[in-house]
Amino acid sequence: MGMTITEKILAQAAGKDSVAPGDNIWVEANVLMSHDVCGPGTIGVFKREFGENAKVWDKEGIVLIPDHYIFTADEKCHRNVDVLRQFVKEQDLPYFYDPANETYSGVCHVTLPEKGHTRPGEILFGTDSHTCTHGALGMFATGIGNTDAGFVMGTGKLLIKVPQSIKFVIDGELDANVTAKDIILRIIGDIGVDGATYCAMEFAGSTIEELSIEERMTICNMAIEAGGKNGIIAPDNKTIEFVKSKTDKEFKCYESDEDANYSSVYHYNAEDLKPVVAMPYSPDKKGNVADLLDYKLDRSYIGSCTGGKIEDFAMAAKVLYKKSVKIDTYIIPATVEVEAALKELKYEGISYMDIFESAGCIIKPPSCAACLGGPVDTHGRCNGSEVCISTTNRNFPGRMGSKESKTILASPLTAAASALTGFITDAKL
Amino acid sequence: MSNTIKGKVFITGDNIDTDQIIPAQYLNLVPTISEEYEKLGSYALCGLPDEYETRYVDEGKMKTEYPIIIGGTNFGCGSSREHAPISLGAAGCKAVIANSFARIFFRNCIATGEVYPVEVNDSLNQMVKTGDEVEIDLDNKTIKLANCDKIINLNDLGAVQEVIEAGGIFEYARKSGMI
Ligand code: SF4
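Chemist: Please clarify how helix H13 (residues 352–359) of chain A should be interpreted in this entry.
Modeler: At 3.6 residues per turn, the α-helix brings residues three or four places apart onto the same side. Residues and elements named next belong to chain A. Within the sequence span of H13, burial applies to Tyr352, Met353, Ile355, Phe356 and Ala359. End-on view of H13: buried residues confined to an arc of 160°, all on one side of the axis. Counted as exposed and oriented over 90 degrees from the buried face of H13: Glu357 and Ser358. Where H13 is buried, its residues meet helix H11 (310–320), strand E15 (328–332), helix H12 (336–344), strand E16 (346–347), strand E17 (350–351) and strand E18 (362–363). Phi for Gly360, located one or two positions after H13, is positive at around 95°.

In structure tokens:
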């Protein structure tokens, strides 16, 4: 019996020739990522269990990226970033992206690939559920809690159960107004928020092959919204070229065998996919944009690890070019690199940033910002009963702030087109 | 030591996500600092919508009256924040009974040893109401409901049972000679 890409990566990391779904195995991690929300607790567990003077298992293996609560007056949030600073100093860690100096980057999941920490064939554990994003580059990447992360920090190992794989094959050419976000919202809508619990979600087919690296990241980012343990896409030349442009480190590419075993296989024709949204309060509450055109909105939000990358803003810029928004519209680039690109890249001779400014958008510096609510002074946080259309990934009650607010998940095209009207709107490209 | 968990239950629905268990604005609290651990407990389940008439932890209190939470499917979906099982544990929750759990939450329950995740097939959240008493017998893997003779069987937790019995991932690794 052949193996899936997920099984192959896990087998190699466990030093085994083969593994099967359900096996409990100890794997060696390549990278452990943490941020300001879970980093201090992880360090706390690490010190409690291994001792005050313990050293991390591999300095090069640890990446710390404060990104969640970095623009707030809340003292505890500042204290938490200080805990990371202190630890970095103490352990002499090379990869720390400190918001207070020139290493400042922004959202962890967009930073990791930009800085060459996302590499095919490797194992990444992150104290963040959207760590599944990095499977887009053919690695095994999954979210863990502080206790497991403290364990990895000290040992470089973790006990995990090999997940069953589910395959999603998407073939054909997407319409101009249909994006990766529409694909994943459709899939989650079809299988439900627990449709892939503890499974690897593998994405393949000609449509996926045509997608850019960033669009593939958008798909894998939301695997967790269907309960997936990881999302994964086999690396191809695009992946290899991208990773080589970011790092000199060697890496290995795996792909699923022809006779690999899947618990189910879903097929989609790209031509049948339409712009969709997820209505409050669940990522699987799928609605067709075309059926919701009179739904009134108060805010549009374009940002986060799901929808705050360069191409997400390229889509928004195309829609907002020479137009004005009708509702509060937030533009929050995921990282400093994305922000710089928005100033440089142009649509019809005008930089994306200038397009957003003249459209009347509110532009804020890179961070997770209101994607997960956060302290009350967080940029873009919904503090009242706002109805917000957003390129983020979750719309649970209170996700973007107050319990009275509502979040509608959408693609950057739909979020931008809706900003122009104040109603759910199809970008009709 | 008797291996039972007994007490009043708090009933929730399907898909209780980690933002409802502990809203993101409280994630500035660090669970390994003891006052902040206690504080996390006072906010446990405060993100539930207003339709829930009973609060899990009363306003101004640090602990709950309900050591057992009963949910439906996909309990604990959403983020990897360990603050979620920790806030429940800090509030005095001993066990969560659900038809299914989201995997990171389940894993975090086990790794931390904060709350016992119990899986059942029966829709217990339809059979009892908030405030009723139930008793979970971990040795015999059954649940007894007050005012009802029906015995509910717990689903087998599989290999992970060993980690729970050891008291979490660190103890398990020590026992098996990993660290
Ligand atoms: S942008 Fe949102 S989903 Fe992404 S890491 Fe930050 S808080 Fe999480």
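Let us keep going from here.
Chemist: Just checking my understanding: could you explain the packing of helix H2 (residues 34–42) of chain B against helix H3 (residues 83–91) of chain B for this structure?
Modeler: Between two packed helices, what matters for the description is the angle formed by their axes and the separation of those axes. Residue and element names in this part refer to chain B. Their axes nearest at 7 Å, the elements H2 and H3 cross at an angle of 85°. Considering their axes alone, H2 and H3 lie roughly perpendicular with respect to each other. Mapping the contact onto sequence places Tyr37, Leu40 and Gly41 in H2 and His83, Ile86, Ser87, Gly89, Ala90 and Ala91 in H3. The residue makeup of the contact of H2 with H3, split by class, is five nonpolar, four polar and no charged.

Chemist: Is there a simple way to explain the packing of aromatic side chains in this structure?
Modeler: Centre-to-centre distance and the angle between the planes together describe a pair of aromatic rings. All chains considered together, the criterion is met by 19 aromatic pairs over all chains. Aromatic pair Phe313 of chain A and Phe356 of chain A: ring centres 6.0 Å apart, planes at 65°, arrangement edge-to-face. Remark: Phe356 of chain A occurs in helix H13 and Phe313 of chain A occurs in helix H11; sequence separation between them is 43 residues. Neither residue differs from the other here; Phe313 of chain A and Phe356 of chain A are each classed as buried. Here the aromatic rings of Phe10 of chain B and Tyr56 of chain B are separated by 5.1 Å at their centres, their planes lie at 70°, and the arrangement is edge-to-face. A residue pair is termed long-range when its members are at least 10 positions apart, and Phe10 of chain B in strand E1 (residues 4–11) and Tyr56 of chain B in the loop between H2 and strand E2 (68–70) qualify at 46 residues.

Chemist: Hey, could you run me through the nonpolar core in this one?
Modeler: Counting 142 residues, the largest nonpolar core has Phe125 and Phe356 of chain A together with Tyr56, Phe75, Leu88, Ile136 and Ile143 of chain B as the members making the most contacts within it. The residues that make up this core include at least three from each of domain 1 (7–162) and domain 3 (277–421) of chain A. Not counting residues within four places of it along the chain, the set of residues in contact with Phe356 of chain A comprises Phe313, Ala316, Ala317, Leu320, Ile331, Leu342, Cys361 and Ile363 of chain A.

Chemist: Please clarify how empty space enclosed by the protein should be interpreted in this entry.
Modeler: Over the atoms a probe the size of a water molecule is rolled, and this reveals where empty space is left. Residues and elements named next belong to chain A. On inspection of all chains with the given rule, the structure shows six cavities of 30 Å³ or more. The calculated volume of the largest cavity comes to roughly 220 Å³. Forming the boundary of the largest cavity are 24 residues, of which His68, Asp128, His130, Leu372 and Arg399 lie nearest the centre. Listed by contribution, the elements that provide at least two residues to the lining of the largest cavity are helix H4 (108–114) and helix H10 (304–307). A domain-level breakdown of the lining of the largest cavity finds at least three residues from each of domain 1 (7–162) and domain 3 (277–421).

Chemist: Is there a simple way to think about the pattern of salt bridges in this case?
Modeler: Side chains bearing opposite charge may pair, as long as their charged atoms lie close to each other. Counted under the stated rule, the structure contains 29 salt bridges over all chains. Of the charged contacts in the structure, one is a salt bridge between Arg299 of chain A and Glu386 of chain A, with a shortest N-O distance of 3.9 Å. Of this pair, Arg299 of chain A sits in strand E14 (residues 299–303) while Glu386 of chain A sits in the loop between E18 and strand E19 (387–390), and the two are 87 residues apart along the sequence. As far as the burial class goes, Arg299 of chain A and Glu386 of chain A line up, both buried. Among the charged side chains, a network of salt bridges with common partners joins Arg48 and Glu49 of chain A together with Glu171 and Arg174 of chain B.

Chemist: Please explain the interface of chain A and chain B as it appears in this structure.
Modeler: The accessible area lost on association of the parts is a frequent measure of interface size. Taken together, the 51 residues of chain A in the interface contact 45 residues of chain B. Summed over both sides, the interface between chain A and chain B buries roughly 3700 Å², with carbon and sulfur atoms accounting for 57% of that surface. Three residues, Thr147, Phe151 and Lys403 of chain A, lead the burial of chain A against chain B; their summed loss comes to 14% of the area buried on that side. On inspection of chain A and its partner chain B, the count reaches five salt bridges. Taken together, the connections running from chain A to chain B amount to 21 residue pairs in polar contact (both at pLDDT 80 or more). Those elements giving two or more residues to the side of chain A that touches chain B turn out to be strand E1 (24–28), helix H2 (39–50), helix H3 (75–91), strand E6 (140–143), helix H5 (146–155) and strand E7 (157–161) of chain A. A breakdown of the residues in the side of chain A that touches chain B according to their chemical character gives 20 nonpolar, 16 polar and 15 charged.

Chemist: Mind showing me how you'd approach the site of the ligand here?
Modeler: Residues and elements named next belong to chain A. Around the ligand, the neighbouring residues are His68, Val107, His109, Asp128, His130, Ser304, Cys305, Cys368, Cys371, Leu372, Asn393 and Arg399. According to the grid-proximity analysis, the pocket containing the ligand is the largest cavity. A breakdown of the residues in the shell around the ligand according to their chemical character gives five nonpolar, five polar and two charged. Each of domain 1 (7–162) and domain 3 (277–421) contributes no fewer than three residues to the shell around the ligand.

Basis of the calculations
Residues numbered from 1 in each chain as written. Chains lettered and ligands numbered in written order. Predicted model: local features only at pLDDT ≥ 70, side-chain atom pairs only at ≥ 80, totals over all residues. Heavy atoms only, no water. Buried < 20%, exposed > 50% of the residue type's maximum accessible area, 1.4 Å probe, protein only. Helix = DSSP H or I, 4+ residues; strand = E, 2+ residues; numbered from the N terminus. Arc of directions from axis to C-beta. Contact = heavy atoms within 4.5 Å. Axes fitted to C-alpha atoms, helices over the stretch in contact; angles between N-to-C directions. Parallel < 35°, antiparallel > 145°, perpendicular 65-115°, else oblique. Nonpolar A, V, L, I, M, F, W, Y, C, P; charged D, E, K, R; others polar. Phe/Tyr/Trp six-rings, centres within 6.5 Å; stacked < 30°, edge-to-face > 60°. Core = buried A, V, L, I, M, F, W, Y, C linked by side-chain atoms within 4.5 Å. Domains from an automatic or database assignment. 1 Å grid on protein atoms, 1.4 Å probe; cavity = no way out; pocket = protein on both sides within 12 Å on 5 of 7 lines; lining within 4 Å. Points joined across faces, edges and corners; volume = space filled by probe spheres on them. Salt bridge = Lys/Arg side-chain N within 4 Å of Asp/Glu carboxyl O. Buried area = accessible area lost by both parts, 1.4 Å probe. Polar contact = N/O pair within 3.5 Å; in protein donor to acceptor, adjacent residues only side chain to side chain. Near = heavy atom within 4 Å. Sits in = over half its atoms within 2 Å of the grid points.

All we've got here are geometric facts, nothing functional implied.
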